[in-house]
Amino acid sequence: MNLETLIRAIPKAELHLHIEGTLEPELMFEIARRNGVALRYRSVDALRRAYEFSDLQSFLDIYYEGASVLRQERDFYDMTVAYLRRAKADNVRHTEIFFDPQTHTARGIAFETVFHGINNALRDSGMNTRLILCFLRHLNAESAMKTLEESLPFREGIVAVGLDSSEVGNPPSKFAAVFARAQAEGFRIVAHAGEEGPPSYIREALDLGASRIDHGVRCMEDSDLVDELVRRKIPLTVCPLSNVKLGVFRSMTDHNLRTMLQRGLRVTINSDDPAYFGGYIVDNFLAAASALALTEDDIRRLARNSFEASFVSDATKARFISELNQY
Ligand code: HPA
Ligand code: ZN
């Protein structure tokens, strides 16, 4: 089996995926039309051409604008169905999906409209899935706490809380009280850290109880931190195409994913916001494998890591890994 066939075929988990980042331009236009929302772009092509980003913020500005077409439960449902179909085609067996309630509640959309739209699509898909509620870190801790409280009636459907949006200047410690409360309520903690922000943000996230770090690529600037992440087997959900599109690395050949693997870190490959960054999970595997000369062993390791890093039970992990071992 050649490497590309192996990458396509092996069972894998996706652990870093923003559902609002899966909204493809075609569906965005369709939803905008049925909701009577005006978009700044005249066509799908014009919108796609605007997807040239210089850094995280330049992406976020357009990503929040795209999400503004979502108004009804059906919109969230259709977006989620489209992602799950695409993930299934890439042999994703399990996916842990971020959603950003504040992006919608700030526009007057009810938390339950967002939650039910996404969650009903998960339920109808029959796929193995979990939901992770992300707080927008550019907003204040009071807004995050209010969002956490709004989520409590739906707690059974949400495995963890996380932190996304503009990283630099918004360290995890800003949300210490929110994460303490979330842990007390039984949520697991994850956080975007060390994407554009410094390694100290990764330390802060760990101090606040994070059991997985999203991106985390800047950990390599602090060898003591790397030692700790290796020792504690803390998973890092790396998103190669995202990192290149947002200028975290100049090109894929400059990406540190292979070095991270060689250092013994529990690295996984994910697509982040596939509609905006030019590819789903298999595209991320293929781009990294080709630019960094990853081996078959590396690919198998990455897939195994994705199951080990997931929030499923040990028995389910063992079942996925035994399926993987047949390749
Ligand atoms: N980083 C921070 N916030 C985000 C991202 C990301 O990669 N994607 C969607 N929101
Ligand atoms: Zn992300």
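Remember, it's a predicted structure, so these values are computed and weren't measured experimentally.

So, how was this worked out
- Residues numbered from 1 in each chain as written.
- Chains lettered and ligands numbered in written order.
- Predicted model: local features only at pLDDT ≥ 70, side-chain atom pairs only at ≥ 80, totals over all residues.
- Heavy atoms only, no water.
- Helix = DSSP H or I, 4+ residues; strand = E, 2+ residues; numbered from the N terminus.
- Rg over C-alpha atoms; globule rule 2.2 N^0.38 Å.
- Buried < 20%, exposed > 50% of the residue type's maximum accessible area, 1.4 Å probe, protein only.
- Contact = heavy atoms within 4.5 Å.
- Areas by Shrake-Rupley, 256 points an atom, 1.4 Å probe, with all protein chains shown as cover.
- Lys, Arg positive; Asp, Glu negative; His and termini not counted.
- Charge placed at Lys NZ, Arg CZ, Asp CG, Glu CD.
- 1 Å grid on protein atoms, 1.4 Å probe; cavity = no way out; pocket = protein on both sides within 12 Å on 5 of 7 lines; lining within 4 Å.
- Points joined across faces, edges and corners; volume = space filled by probe spheres on them.
- Nonpolar A, V, L, I, M, F, W, Y, C, P; charged D, E, K, R; others polar.
- Arc of directions from axis to C-beta.
- Polar contact = N/O pair within 3.5 Å; in protein donor to acceptor, adjacent residues only side chain to side chain.
- Core = buried A, V, L, I, M, F, W, Y, C linked by side-chain atoms within 4.5 Å.
- Donors = N, O, S within 2.8 Å, 3.2 Å for Na, K, Ca; no water.
- Tetrahedral: all angles 85-135°; square planar, octahedral: opposite > 155°, others 65-115°.
- Near = heavy atom within 4 Å.
- Sits in = over half its atoms within 2 Å of the grid points.
- Phe/Tyr/Trp six-rings, centres within 6.5 Å; stacked < 30°, edge-to-face > 60°.

*Asks:* Mind showing me how you'd approach the overall build of the protein here?
*Replies:* Scanning the protein from N- to C-terminus turns up 17 helices and eight strands. Computed over C-alpha atoms, the radius of gyration of the protein comes to 18 Å, within 12% of the 20 Å expected from 2.2 N^0.38 for 327 residues, which places it in the range of a compact globule. Expressed along its principal axes, the backbone C-alpha trace of the protein runs to roughly 50 × 45 × 40 Å. Looking at the 327 residues of the protein, the share that counts as buried comes to 57%. Taking contacts inside the protein between residues at least 6 apart in sequence as the whole, the part at least 24 apart equals 75%. For the protein, the computed accessible surface area is about 12700 Å², with 46% contributed by carbon and sulfur atoms. Between the averaged position of the 39 positive side-chain charges in the protein and that of its 46 negative side-chain charges there is a distance of 3 Å.

*Asks:* I tried to follow empty space enclosed by the protein on my own but got confused; where do I start?
*Replies:* The gaps of empty space that remain are located by a probe, the size of a water molecule, rolled over the atoms. Taken as a whole, this structure holds two cavities of 30 Å³ or more when the rule is applied. Taken as a whole, the largest cavity holds about 100 Å³ of empty space. Around the largest cavity, the lining is made up of 17 residues, and of these His18, Leu56, Phe59, Leu60 and Asp273 lie nearest the centre. Here the lining of the largest cavity gets five residues from one element, more than from any other, and that element is helix 4 (residues 56-67). As a volume, the second largest cavity reaches approximately 50 Å³. Per element, the largest residue contribution to the lining of the second largest cavity is three residues, and it comes from helix 4. By residue class, the composition of the lining of the second largest cavity is seven nonpolar, one polar and one charged.

*Asks:* Please explain helix 8 (residues 141-151) as it appears in this structure.
*Replies:* Listing the buried residues of helix 8 in full gives Ala141, Ala144, Thr147, Leu148 and Ser151. Take helix 8 and look down its axis: the buried residues cluster within an arc of 120°, on one side only. Turned more than 90 degrees off the buried face of helix 8, the exposed positions are Glu142 and Lys146. Buried residues in helix 8 make contact with helix 6 (101-105), helix 7 (111-125), strand 3 (128-136), strand 4 (160-164) and helix 9 (176-184). A distance of 3.2 Å separates the backbone nitrogen of glutamate 142 from a side-chain oxygen at the start of helix 8, and that oxygen is part of asparagine 140.

*Asks:* Would you explain the nonpolar core in this entry?
*Replies:* Taken as a class, soluble globular proteins show a tendency for nonpolar side chains to be buried jointly. Of all hydrophobic cores here, the largest spans 102 residues; its most connected members are Phe99 and Tyr276. Tallying contributions element by element places helix 4 first for this core, with seven residues. If we skip the residues at most four places from it in the chain, phenylalanine 99 touches Ile19, Glu20, Phe111, Val114, Phe115, Ile118, Leu131, Ile132, Leu133, Cys134 and Ile158. Among the nonpolar cores identified, the runner-up in size contains seven residues, and Ile132, Val159, Ala160 and Val190 belong to it.

*Asks:* Is there a simple way to explain the coordination of the zinc ion (ligand 2) in this structure?
*Replies:* Ideal values for angles at a metal depend on the geometry: 109.5 degrees with four tetrahedral donors, 90 or 180 degrees with six octahedral donors. Around the zinc ion (ligand 2), the protein supplies His16 (NE2), His18 (NE2), His192 (NE2) and Asp272 (OD) as donor atoms, at distances of 2.0 to 2.2 Å. One can describe the site at the zinc ion (ligand 2) as irregular: its four donor atoms subtend angles covering 82 to 174° at the metal. For the zinc ion (ligand 2), the donor residues sit on a single chain with the sequence spacing H-x1-H-x173-H-x79-D. Taken together, the positions of histidine 16 in strand 1 (residues 12-18) and aspartate 272 in the loop between strand 8 (266-269) and helix 14 (274-277) put the pair 256 residues apart, joining distant regions of the chain. Neither residue differs from the other here; histidine 16 and aspartate 272 are each classed as buried.

*Asks:* What is the right way to look at the site of ligand 1 in this model?
*Replies:* With respect to spatial proximity, the complete set of residues near ligand 1 consists of His18, Leu56, Phe59, Leu60, Tyr63, Asp164, Ser165, His192, Glu195, His215, Asp272 and Asp273. Note that an oxygen atom of ligand 1 is positioned 3.0 Å from one of the side-chain N or O atoms of histidine 215. Take aspartate 272: an N or O atom from its side chain is 2.7 Å from an oxygen atom of ligand 1. Alone, ligand 1 offers 260 Å² of accessible surface; in the complex the protein occludes 100% of this. Among the cavities detected, the one that contains ligand 1 is the largest cavity. With four residues, helix 4 is the single largest residue contributor to the shell around ligand 1. Class assignment for the residues of the shell around ligand 1 results in four nonpolar, four polar and four charged.

*Asks:* Just checking my understanding: could you explain helix 9 for this structure?
*Replies:* An α-helix turns once every 3.6 residues. As a result, residues three or four positions apart point the same way. Turning to helix 9, its buried residues are Val178, Phe179 and Ala182. Down the axis of helix 9, the sector holding all buried residues measures 95°, keeping them to one side. Set apart from the buried face of helix 9 by more than 90 degrees, the exposed residues are Ala177 and Ala184. Those residues of helix 9 that are buried lie in contact with strand 3, helix 8, strand 4 and strand 5 (188-193). Phi for glycine 186, located one or two positions after helix 9, is positive at around 95°.

*Asks:* Honestly, the packing of aromatic side chains in this entry has me stumped. Any pointers?
*Replies:* Centre-to-centre distance and the angle between the planes together describe a pair of aromatic rings. Taken as a whole and assessed by the stated rule, the structure comprises 14 aromatic pairs. A centroid spacing of 5.4 Å and a plane angle of 80° characterise the contact between phenylalanine 53 and phenylalanine 59, whose relative ring orientation is edge-to-face. For the pair formed by phenylalanine 53 and phenylalanine 59, the shared burial category is buried. On the numbers, 6.2 Å between centres and 90° between planes, the contact of phenylalanine 53 with phenylalanine 277 is edge-to-face. Of the two residues, phenylalanine 53 is situated in the loop between helix 3 (44-49) and helix 4 and phenylalanine 277 in helix 14; the sequence distance between them amounts to 224 residues.

The values reported here are purely geometric and, on their own, carry no functional implication.
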